[in-house]
Amino acid sequence: MHNAGMAVLGLNWRYLAFDVAPDQLRPAIEGARTMKFIGLNLTVPHKLLALEMLDELDESARHWGAVNTIRFEARDAQGRWRPLAQWADNVPEAIRAKGFNTDADALTWALREDLDWQLLPGARVLLLGAGGAGRVAALKLASEGVGILFLVNRTLSKAEDLAAEVRKRFPRQEISVGYPKNKVDMVINATSLGLKPGDDLPFDPNQFSLQQTRSVYDLIYRPAETPLLKAGKAAGCRAANGLGMLLHQGAQALELWSDKIAPVGEMRRALEKEVYGT
Ligand code: ATR
């Protein structure tokens, strides 16, 4: 999607994937800086490790406690740090690495776009999973003013810890650990259940039924239809997978690097072709 987006914007850049072991993240970032890369994206487990390795953290990275986008910047004659994209050549040698988080905004952008623009304020949400993705989702939903959050996780203590963090940071947020007894507006899967063929549903069918929800969102995008999404559709719910979130975190990263509006439509088409071959 990035290469498609860069082509539309007329940028002579290439987006490449590199496999980096966690204990090599620091030299990998240093190498990219030395070679004057425009920026980097990071995925798990690097999103947390990078917090300690960067010269500067944007408010988004500090707020959500994870970095998925790095932008390299150099100082101009007035002493202002500017993205490397703004230098045609003669990039100064003193370059800093600044970390951002575009995942959190991408989640709510995708929920609105793929499910319902009106959905979030006051919504009743069941969030499945309290790992890295579940944590960012819970905090972001609380920041958006959802009505009540129900948190469920295989390891109960992690759901309790996350609920405590949400309460501390968003004292007015109603939050409860465990399944809702009544109806909810949305179920979000932030567990890894559904990635592998034959995986179970990410909730306990004895304690919750998809008849209780209007919509289902799965952060997983491959496979395109997880057992949860299939069951959600069969129960008459609106259902969407995590491709929109992947798209929007990427589009925001491209905007941070280029200072241009990302061509989201072309990026979506390229992403769908790459991921689903359609
Ligand atoms: P990510 O950063 O992608 O969220 P993670 O932090 O490892 O990855 O979190 C994975 C999530 O999937 C956790 O909520 C995990 O539950 P635990 O906290 O109990 O480990 C959940 N998960 C993984 N495998 C699971 C399984 N077989 N059944 C239920 N939940 C599972």
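See the structure printed just above.
Residues numbered from 1 in each chain as written. Predicted model: local features only at pLDDT ≥ 70, side-chain atom pairs only at ≥ 80, totals over all residues. Heavy atoms only, no water.

Undergrad: What should I look at first to understand the site of the ligand in this one?
TA: Taken together, 13 residues are adjacent to the ligand, and Gly132, Asn153, Arg154, Thr155 and Lys158 come closest. The contact in question runs from an oxygen atom of the ligand to an N or O atom on the side chain of threonine 155, over 2.4 Å. With respect to the ligand, the side chain of lysine 158 contributes an N or O atom lying 2.6 Å from an oxygen atom. Bound to the protein, the ligand loses 66% of the 640 Å² it would expose on its own. Residue composition of the shell around the ligand, grouped by class: four nonpolar, seven polar and two charged. (Near = heavy atom within 4 Å. Polar contact = N/O pair within 3.5 Å; in protein donor to acceptor, adjacent residues only side chain to side chain. Areas by Shrake-Rupley, 256 points an atom, 1.4 Å probe, with all protein chains shown as cover. Nonpolar A, V, L, I, M, F, W, Y, C, P; charged D, E, K, R; others polar.)

Undergrad: Honestly, the sheet that holds strand β10 (residues 213-218) in this entry has me stumped. Any pointers?
TA: In a beta sheet, neighbouring strands pair by backbone hydrogen bonds and run either parallel or antiparallel. Strand order in the open sheet made by the six strands is β8-β7-β6-β9-β10-β11, with parallel pairing throughout. The open sheet terminates on both sides in strands that have one partner only, identified here as β8 (174-177) and β11 (238-240). With strand direction ignored, the average angle separating the axes of adjacent strands in the sheet is 15°. Relative to β8, strand β7 (residues 148-152) runs parallel, the two sharing four bridges. In the strand pairing of β8, leucine 151 is matched with valine 177. The sheet strands contacting helix α8 (residues 227-234) are β9 (184-189), β10 and β11, and the helix crosses β10 at an angle near 160°. (Pairing = 2+ DSSP bridges. Helix = DSSP H or I, 4+ residues; strand = E, 2+ residues; numbered from the N terminus. Axes fitted to C-alpha atoms, helices over the stretch in contact; angles between N-to-C directions. Contact = heavy atoms within 4.5 Å.)

Undergrad: Got a minute to help me understand the packing of helix α5 (residues 103-114) against helix α9 (residues 243-258) in this structure?
TA: In helix packing, the relevant descriptors are the interaxial angle and the interaxial distance, both defined with respect to the helix axes. The contact between α5 and α9 brings their axes to 8 Å, and the two run at 130°. The angle between α5 and α9 places the two elements in the oblique class. Two packed elements cross with a definite hand, and for α5 against α9 that hand is right-handed. Contacts between α5 and α9 involve Asp103, Asp105, Ala106, Leu107, Trp109, Ala110, Glu113 and Asp114 from the first element and Gly244, Met245, His248, Gln249 and Gln252 from the second. Of the residues that constitute the contact of α5 with α9, the class distribution is five nonpolar, four polar and four charged. (Parallel < 35°, antiparallel > 145°, perpendicular 65-115°, else oblique. Left-handed = near helix turned anticlockwise from the far one by under 90°.)

Undergrad: How should I be thinking about the packing of aromatic side chains in this particular structure?
TA: Each aromatic ring pair is described using two quantities: the centre-to-centre distance and the angle formed by the ring planes. This model, assessed by the stated rule, comprises four aromatic pairs. Ring plane angle 40° and centroid distance 6.2 Å describe the contact between tyrosine 15 and tryptophan 257, whose orientation is recorded as tilted. Here the residue tyrosine 15 occupies a position in the loop between α1 (2-8) and α2 (25-34), and tryptophan 257 occupies one in helix α9, the gap between them amounting to 242 residues. The exposure class of tyrosine 15 is partly exposed, given its relative accessible area of 29%. Ring centres of phenylalanine 18 and phenylalanine 37 lie 6.4 Å apart, and the angle between their planes is 40°; on these two criteria the pair is classed as tilted. Taken as a pair, phenylalanine 18 in the loop between α1 and α2 and phenylalanine 37 in the loop between α2 and β1 (39-41) lie far apart in primary sequence, 19 residues in all. For phenylalanine 18, a relative accessible area of 55% puts it in the exposed group. Ring pairs connect the aromatic residues Tyr179, Phe203 and Phe208, which therefore count as one cluster. Geometry around tryptophan 87 places arginine 82 over its ring, the cationic atom sitting 4.7 Å from the centre. (Phe/Tyr/Trp six-rings, centres within 6.5 Å; stacked < 30°, edge-to-face > 60°. Buried < 20%, exposed > 50% of the residue type's maximum accessible area, 1.4 Å probe, protein only. Lys NZ or Arg CZ within 6 Å of the ring centre and 35° of its normal.)

Undergrad: What's the story with the packing of α5 against helix α6 (residues 132-143) in this structure? I'm lost.
TA: Interhelical geometry of α5 versus α6 gives an angle of 65° and a closest axis separation of 9 Å. Here α5 is positioned roughly perpendicular relative to α6, judged by the angle of their axes. Taken as a pair, α5 and α6 cross one another with a handedness that is right-handed. On α6, the residues that touch Ala104, Asp105, Leu107, Thr108 and Leu111 of α5 are Val136, Ala137, Lys140 and Leu141. A class-by-class count of the residues in the contact of α5 with α6 yields six nonpolar, one polar and two charged.

Undergrad: What exactly am I supposed to notice about the pattern of salt bridges here?
TA: Once the charged atoms of two side chains with opposite charge are near each other, the side chains can pair. What the rule picks out here adds up to 18 salt bridges. Note that arginine 62 is salt-bridged to glutamate 59, the shortest N-O span being 3.7 Å. Taken as a pair, arginine 62 and glutamate 59 lie in helix α4 (residues 59-64) at a separation of three residues, close to a single helical turn. Here arginine 62 falls in the exposed class, since its relative accessible area comes to 52%. (Salt bridge = Lys/Arg side-chain N within 4 Å of Asp/Glu carboxyl O.)

Undergrad: Can you help me understand the pairing of β7 in this one?
TA: If a strand is regular, its side chains alternate between the two faces of the sheet. In terms of burial, β7 is largely enclosed, as five of its five residues are buried. The side-chain alternation of β7 yields two buried faces, one formed by Ile148, Phe150 and Val152 and the other by Leu149 and Leu151. Pairing of strand β6 (residues 124-128) with β7 involves five bridges; the strand directions are parallel. What sits directly across from leucine 128, in β7, is valine 152. The β-α-β motif built from β6, the intervening α6 and the parallel element β7 has right-handed crossover chirality. Once the chain exits β7 it traverses helix α7 (residues 156-169) before rejoining the sheet at β8, and the crossover so formed is right-handed. (Right-handed = clockwise from strand over helix to strand, strands pointing away.)

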